[in-house]
Amino acid sequence: MLMNSGNFNESDVPSVIAALEGIPDDKSTMLLAAEFKKPVVALIISFLGGSLGIDRFYLGQVGLGVAKLLTCGGFGIWAIIDLFLIMGKTRECNAQKLISLVNTLS
């Protein structure tokens, strides 16, 4: 879990730790196979293709990606705002993914 600590918000870490404590040892190895999105990669994608919604597609947010694509990144405004917010959104998506995975394993 220490390898992936940069992929989560610091405020999400206590809830992640609490969720991990409830997993049986025989199922905990399945968590090692989980792949999390890298916030820095999301930032680079947002910089290069943010106006096309590629950053939102990377996060698995297809609806927002299509909306961003059709509006050319909200006429550029949404694309600029996402440059500042996309790393936090990536960390939130990673925390949601981990918690849902832990809930299925418990």
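About the cut-offs
- Residues numbered from 1 in each chain as written.
- Predicted model: local features only at pLDDT ≥ 70, side-chain atom pairs only at ≥ 80, totals over all residues.
- Heavy atoms only, no water.
- Helix = DSSP H or I, 4+ residues; strand = E, 2+ residues; numbered from the N terminus.
- Buried < 20%, exposed > 50% of the residue type's maximum accessible area, 1.4 Å probe, protein only.
- Contact = heavy atoms within 4.5 Å.
- Phe/Tyr/Trp six-rings, centres within 6.5 Å; stacked < 30°, edge-to-face > 60°.
- Lys NZ or Arg CZ within 6 Å of the ring centre and 35° of its normal.
- Patch = residues over 30% accessible without salt bridge, like charges linked within 9 Å, V, L, I, M, F, W, Y side chains within 5 Å.
- Areas by Shrake-Rupley, 256 points an atom, 1.4 Å probe, with all protein chains shown as cover.
- Salt bridge = Lys/Arg side-chain N within 4 Å of Asp/Glu carboxyl O.
- Axes fitted to C-alpha atoms, helices over the stretch in contact; angles between N-to-C directions.
- Parallel < 35°, antiparallel > 145°, perpendicular 65-115°, else oblique.
- Left-handed = near helix turned anticlockwise from the far one by under 90°.
- Nonpolar A, V, L, I, M, F, W, Y, C, P; charged D, E, K, R; others polar.

Draft legend 1. Quick peek at the environment of Ser46. Here Ser46 lies in helix H2 (residues 39–49). On the basis of relative accessibility, which here comes to 3%, the residue Ser46 falls in the buried class. Among residues more than four places away in sequence, those in contact with Ser46 are Asp55, Ala79, Asp82, Leu83 and Ile86.

Draft legend 2. Highlighting the packing of aromatic side chains. Following the criterion strictly, the structure yields zero aromatic pairs and no others. Sitting over the ring of Tyr58, Lys37 keeps its end group 4.8 Å from the ring centre.

Draft legend 3. Focus on a nonpolar patch on the surface. Residues Leu52, Ile54, Phe57, Val62, Val66, Leu69 and Leu70 make up a contiguous nonpolar surface patch of roughly 610 Å² in combined accessible area. For the nonpolar patch, the secondary-structure elements that each account for two or more residues are helix H3 (54–58) and helix H4 (62–70). The dominant element in the nonpolar patch, judged by the number of residues it contributes, is H4, at four residues. Here Phe57 lies in helix H3.

Draft legend 4. Structural view of the environment of Val13. Turning to its location among the elements, Val13 is positioned in helix H1 (residues 13–21). The spacing of Val13 and Gly60 is 47 residues in sequence and 22 Å in space, taken between C-alpha atoms.

Draft legend 5. Expanded view of the environment of Pro14. Relative to the helices and strands, Pro14 is located in helix H1. The spacing of Pro14 and Val40 is 26 residues in sequence and 23 Å in space, taken between C-alpha atoms.

Draft legend 6. The side chain of Thr90, seen in detail. Along the polypeptide, Thr90 turns up in helix H6 (residues 77–105). Judged by its relative accessible area of 0%, Thr90 falls in the buried class. Dropping the residues within four chain positions of it, Thr90 is found in contact with Asn7, Lys37, Lys38, Pro39, Ala42 and Leu59.

Draft legend 7. Up close: the packing of H2 against H6. Contact pair H2 / H6: the axes reach a minimum separation of 8 Å and the direction vectors enclose 160°. Put simply, H2 runs roughly antiparallel to H6. Read as a crossing pair, H2 and H6 show a hand that is right-handed. Between H2, through Pro39, Val40, Ala42, Leu43, Ser46 and Phe47, and H6, the contact on the second element is made entirely by Ala79, Asp82, Leu83, Ile86, Met87, Thr90 and Arg91. Residue composition of the contact of H2 with H6, by class: nine nonpolar, two polar and two charged.

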